[in-house]
Amino acid sequence: MTAQEERLCGLLLQEHFGEVVEKVGTHLLRSGVLNLRALVHETKLPLDLVKKSVCVLVQQGMCSFSAGRRGPGAPVEYQICCEKVLHMLRYPHYIYTAKSLYGDTGELIVEEILQRGQMTMSNTVSTVADRLTHNMPEGQCMDYSEVVTAFSRLVETHFLQRSPSVTPAGSSTSGGADSNPPAVTQPIQAETHPDCYKLPYINISGKGKRRRSDDGDADQSTAKKAKTDNSEFGDEGIYWQVNFERFHLHFRDQAIVSAVVSKLDQTSSEIVRTMLRMSEVTTPANAAFTQALSANEIFRALPSTYNIARPILDQYLTLLVDDPMEFVGRTGDSGGGMFVVNLHRALANLARATLESVVQERFGSRSARIFRLLLRKRHLEQKQVEDFAMVPAKEAKDMLYTLLSENLVQLQEIPKTPDHAPSRTFYLYTVNQLPTARLLLQHCYKTVGNLIERRLYETKENKRLLEKSQRIEAILASLQATGAEAEQLTEVEEMITAPERQQLESLRHHINKYRTSNSTPHASMTHRIHVNVTSSSFFFVLAGWIPVKTKWMRPYFLSNPTSNPQSPHAERYLDKCRLV
């Protein structure tokens, strides 16, 4: 975890849950694993507040706990996951994706579960039905069965999954800081749970209820009703959470389809979309390829709106296989040919195109030409760069040094003699894609953190004006509800002067821009990606490709110890080379 990630996590926790949860979460991020007593002692917060903060983090799935490392009877230890905290940046994308796939009902289901961390199916159905009924015209109600259908579709496509169950092995009734069970079973991962996507049978029927304005105590009794209703409906103790990994795979698929549209045409992208849709549930998350599909299966699964003849489909599949991007591969000839989507290769190509576009937008087309040349040739001297890129020597030197200063290009020294004399040393320029992608991702995190801090500063500086505007809006709403005259409404509106109104509009405009940039981290970068990848998938491409690339390199380092620069075998090997 880097400093920028830690800073951004703290800002997100403060914005969503308050300063106390932010302090507890940030301390867990810095310390790693702590028990409750150590957390209370080091944060200097009351025990009750620390317990509530940890409960909030556990409820949201951001904090995990396990039995103490000292053996049975040791205090329970807590650990926060930085990656899951950063998922809050993508909450608007998760909700919008659910809306685009399953309508308003799917949107509200995902929104409610994200807001509360985890919910039972019956509680989710009743809450969403009530919200939809409240927004409907008088006389119309949302039936529970429609919400159950949308919930079932989200589970079938793995966008929702059961929360892992935890069974305490003992109990304790003491109220001190160490009031923990003597032994706790560590919660299993949701993906490995055998009933992860198994829907329970619930006996729920009826329609949503419209919330009245005089129901002031409705929110207070919601939790009590949920406890009694769960046992009646038959899903007591079965909680559901959002499967973030499934959403990320969907974003990856959308980036691949967009790349095919930019490179080829709409028909080719629809073929790739069909292949991805057919294997979206059956393909593991870390698989390098989708499941092999025959041309006959692809032809039958194509949308009816695309009137593509079978010979035309074969031509498109051949075109996709022969394309240099290698998004689609051929694995056999049975059934008219067996085809797969090369997921890892597609992510690598998208990440490479993203890096090239960033260089082009920041430093110009000539610098991008040099960058692409280094990506293709791997290692080149300055003279070779000048010749291959057809750029004057002075300009090439300036561009290389600019890219080197920004850490987008690396310089590697290869000495002819052990003394490393400059006259007897080759200086080769190269591009290491993995550190460069990590660097740009950290720039994203830094930019988003700056936007959040700026928005909080603007809100704090204009707090008086915002509170005044809210009071006037409340007065206007109450007057309109009582049927006040237009003169009274105008008199209240004039309580805000023209300069204040102009300042308020400007402030709201800037705050909305900051909030929009926060919800789309990839848009916070000033680079416009237009080479084989759209700007809307910039963040997801880099964030998805880095762990894939790391997994690729790990077995290579294990089988080739000298290739790992941090390995002692590599150090001894380099020492021998220097001696020779």
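Residues numbered from 1 in each chain as written. Predicted model: local features only at pLDDT ≥ 70, side-chain atom pairs only at ≥ 80, totals over all residues. Heavy atoms only, no water.

The name given to the protein in an unreviewed UniProt entry is DNA-directed RNA polymerase III subunit RPC3, with the source organism recorded as Triplophysa rosa. As recorded by UniProt, the Sequence similarities (unreviewed entry) comment attached to the protein reads in full: "Belongs to the eukaryotic RPC3/POLR3C RNA polymerase subunit family." For the record of the protein, the UniProt heading Subunit (unreviewed entry) holds the text "Component of the RNA polymerase III (Pol III) complex consisting of 17 subunits." (UniProt positions renumbered as here; feature names shortened; annotations may be inferred.)

Counting its secondary structure elements, the protein contains 23 helices and 11 strands. Within the protein, the proportion of its 580 residues that are buried is 42%. Put simply, 66% of the contacts in the protein that link residues at least 6 apart link residues at least 24 apart. Carbon and sulfur atoms make up 51% of the accessible area of the protein, which amounts to about 31,400 Å² in all. (Helix = DSSP H or I, 4+ residues; strand = E, 2+ residues; numbered from the N terminus. Buried < 20%, exposed > 50% of the residue type's maximum accessible area, 1.4 Å probe, protein only. Contact = heavy atoms within 4.5 Å. Areas by Shrake-Rupley, 256 points an atom, 1.4 Å probe, with all protein chains shown as cover.)

Moving on: the environment of Asn432. Mapped onto the secondary structure, Asn432 falls in the loop between strand 11 (425-430) and helix 18 (433-461). When the C-alpha atoms of Asn432 and Leu408 are compared, they prove to be 8.1 Å apart, with 24 residues separating the residues in sequence.

The subject of this paragraph is the packing of aromatic side chains. Here a ring pair, both rings aromatic, is described through the centre-centre distance and the interplanar angle of the planes. Scanning all chains against the criterion turns up 9 aromatic pairs. On the numbers, 6.3 Å between centres and 75° between planes, the contact of Tyr102 with Phe159 is edge-to-face. Of this pair, Tyr102 sits in helix 6 (residues 91-116) while Phe159 sits in the loop between helix 8 (144-156) and strand 5 (160-162); the two residues are 57 residues apart in sequence, bridging distant segments of the chain. Pair check on accessibility: Tyr102 and Phe159 agree, each one buried. Measuring from centroid to centroid gives 5.7 Å for Phe151 and Trp240, while their planes differ by 90°, and the two rings are edge-to-face. Taken together, the residues span a long stretch of sequence, with Phe151 in helix 8 and Trp240 in strand 6 (residues 239-242) at a distance of 89 residues. Judged on exposure class, the residue Phe151 and its partner Trp240 are both buried. Each residue in the set Tyr91, Tyr94, Tyr102, Phe159, Phe244, Phe247 and Phe251 is aromatic and connected to the rest through ring pairs, giving one cluster. Of note, Arg246 hangs over the ring of Phe159, and the distance from its end group to the ring centre comes to 4.5 Å. (Phe/Tyr/Trp six-rings, centres within 6.5 Å; stacked < 30°, edge-to-face > 60°. Lys NZ or Arg CZ within 6 Å of the ring centre and 35° of its normal.)

Turning our eyes to something else, we now look at the packing of helix 6 against helix 7 (residues 121-134). At a minimum axis separation of 10 Å, helix 6 and helix 7 run at an interaxial angle of 120°. By the criterion of interaxial angle, the relationship of helix 6 to helix 7 is oblique. Here helix 6 and helix 7 pass one another in a crossing that is right-handed. Across the interface between the two elements, Asp104, Thr105, Leu108, Ile109, Glu111, Glu112, Ile113 and Arg116 of helix 6 pack against Asn123, Thr124, Thr127, Val128, Arg131 and Leu132 of helix 7. The class makeup of the residues in the contact of helix 6 with helix 7 is 5 nonpolar, 4 polar and 5 charged. (Axes fitted to C-alpha atoms, helices over the stretch in contact; angles between N-to-C directions. Parallel < 35°, antiparallel > 145°, perpendicular 65-115°, else oblique. Left-handed = near helix turned anticlockwise from the far one by under 90°. Nonpolar A, V, L, I, M, F, W, Y, C, P; charged D, E, K, R; others polar.)

What follows deals with the packing of helix 16 (residues 382-389) against helix 17 (residues 393-405). Direction vectors running N to C along helix 16 and helix 17 enclose 115°, while the axes themselves pass 10 Å from each other. In the crossing of helix 16 with helix 17, the sense of the turn from one axis to the other is right-handed. Touching Gln382, Val385 and Glu386 of helix 16 are Ala393, Ala396, Lys397, Leu400 and Tyr401, all from helix 17. Residue composition of the contact of helix 16 with helix 17, by class: 5 nonpolar, 1 polar and 2 charged.

On average, residues of the protein score 79 in pLDDT, and 80% of them are at 70 or above. Segment residues 521-537 is flagged for pLDDT under 50; beyond a separation of four residues in sequence, or across chains, it makes 48 contacts in the model. Segment residues 552-580: pLDDT under 50, and 16 contacts once partners within four positions in sequence are set aside and those in other chains are kept. (pLDDT = per-residue confidence, 0-100.)

This next bit is on helix 2 (residues 19-31). When the terminal C-alpha atoms of helix 2 are compared, their 18 Å separation across 13 residues agrees well with the 18 Å that a helix rising 1.5 Å per residue should span. Those residues of helix 2 that sit buried are Val21, Val24, Gly25, Thr26, His27, Leu28 and Leu29. Of the residues one or two after helix 2, Gly32 is the one with positive phi, at around 95°. (Expected span 1.5 Å × (residues − 1).)

Here the focus is the sheet that holds strand 2 (residues 63-66). The antiparallel open sheet is built from 3 strands, whose spatial order is 1-3-2. Edge strands, defined here as strands with exactly one partner in the open sheet, are strand 1 (33-35) and strand 2. Neighbour-to-neighbour, the strand axes of this sheet turn through a mean angle of 35°, independent of strand direction. Bridge count between strand 2 and strand 3 (residues 77-80): 4 bridges; the pairing is antiparallel. The residue bridging Ser66 from the neighbouring strand is Glu77, located in strand 3. (Pairing = 2+ DSSP bridges.)

So, on to the nonpolar core. Within the largest apolar cluster, 66 residues are counted, with the highest numbers of intra-cluster contacts made by Ile109 and Val110. By residue number, the principal contributor to this core is helix 6, which donates 10 residues. Apart from the residues lying within four places of it in its own chain, the contact partners of Ile109 are Thr124, Val128, Val147, Ala150, Phe151, Leu154 and Leu160. Residues Val260, Met325, Phe327 and Val341 belong to the second largest nonpolar core, which totals 26 residues. (Core = buried A, V, L, I, M, F, W, Y, C linked by side-chain atoms within 4.5 Å.)

The strands that make up a sheet are held in pairs by hydrogen bonds between backbone atoms, and each pair lies either parallel or antiparallel. Sheet architecture is open: 3 strands sit in the order 7-9-8, paired in antiparallel fashion. Each having just a single partner strand, strand 7 (293-294) and strand 8 (328-332) make up the two edges of the open sheet. Where strand 8 and strand 9 (residues 338-341) come together, 4 bridges link them in antiparallel fashion. Within strand 9, the position partnered with Val328 by the bridge is Val341. Relative to the sheet, helix 11 (residues 266-278) contacts strand 7, strand 8 and strand 9, its axis offset from that of strand 9 by approximately 85°.

The next subject is a negative patch on the surface. The grouping of Glu485, Glu487, Glu491, Glu493 and Glu494 at the surface amounts to a negative patch. Relative to the helices and strands, Glu487 is located in helix 20 (residues 486-493). Since its relative accessible area comes to 64%, Glu487 is described here as exposed. (Patch = residues over 30% accessible without salt bridge, like charges linked within 9 Å, V, L, I, M, F, W, Y side chains within 5 Å. Salt bridge = Lys/Arg side-chain N within 4 Å of Asp/Glu carboxyl O. Lys, Arg positive; Asp, Glu negative; His and termini not counted. Charge placed at Lys NZ, Arg CZ, Asp CG, Glu CD.)

Counted according to the given criterion, the structure contains 21 salt bridges. Arg116 serves as the salt-bridge partner of Glu112, at 3.4 Å between the closest nitrogen and oxygen. Here Arg116 and Glu112 lie together in helix 6, a separation of 4 residues that amounts to about one turn. Its salt-bridge partner being Arg362, residue Glu406 comes within 3.3 Å of it at the nearest N-O pair. Within this pair, whereas Glu406 is found in the loop between helix 17 and strand 10 (410-415), its partner Arg362 is found in helix 14 (residues 343-363), the two being separated by 44 residues in sequence. A cluster of three or more residues bridged by salt bridges with shared partners is formed by Glu111, Glu112, Arg116 and Arg131.

One non-glycine residue, Arg378, adopts positive backbone phi at about 75°. Structurally, Arg378 is set in the loop between helix 15 (365-377) and helix 16. On the basis of relative accessibility, which here comes to 57%, the residue Arg378 falls in the exposed class. Of note, Met390 is a non-glycine position whose phi angle comes to about 55°, a positive value.

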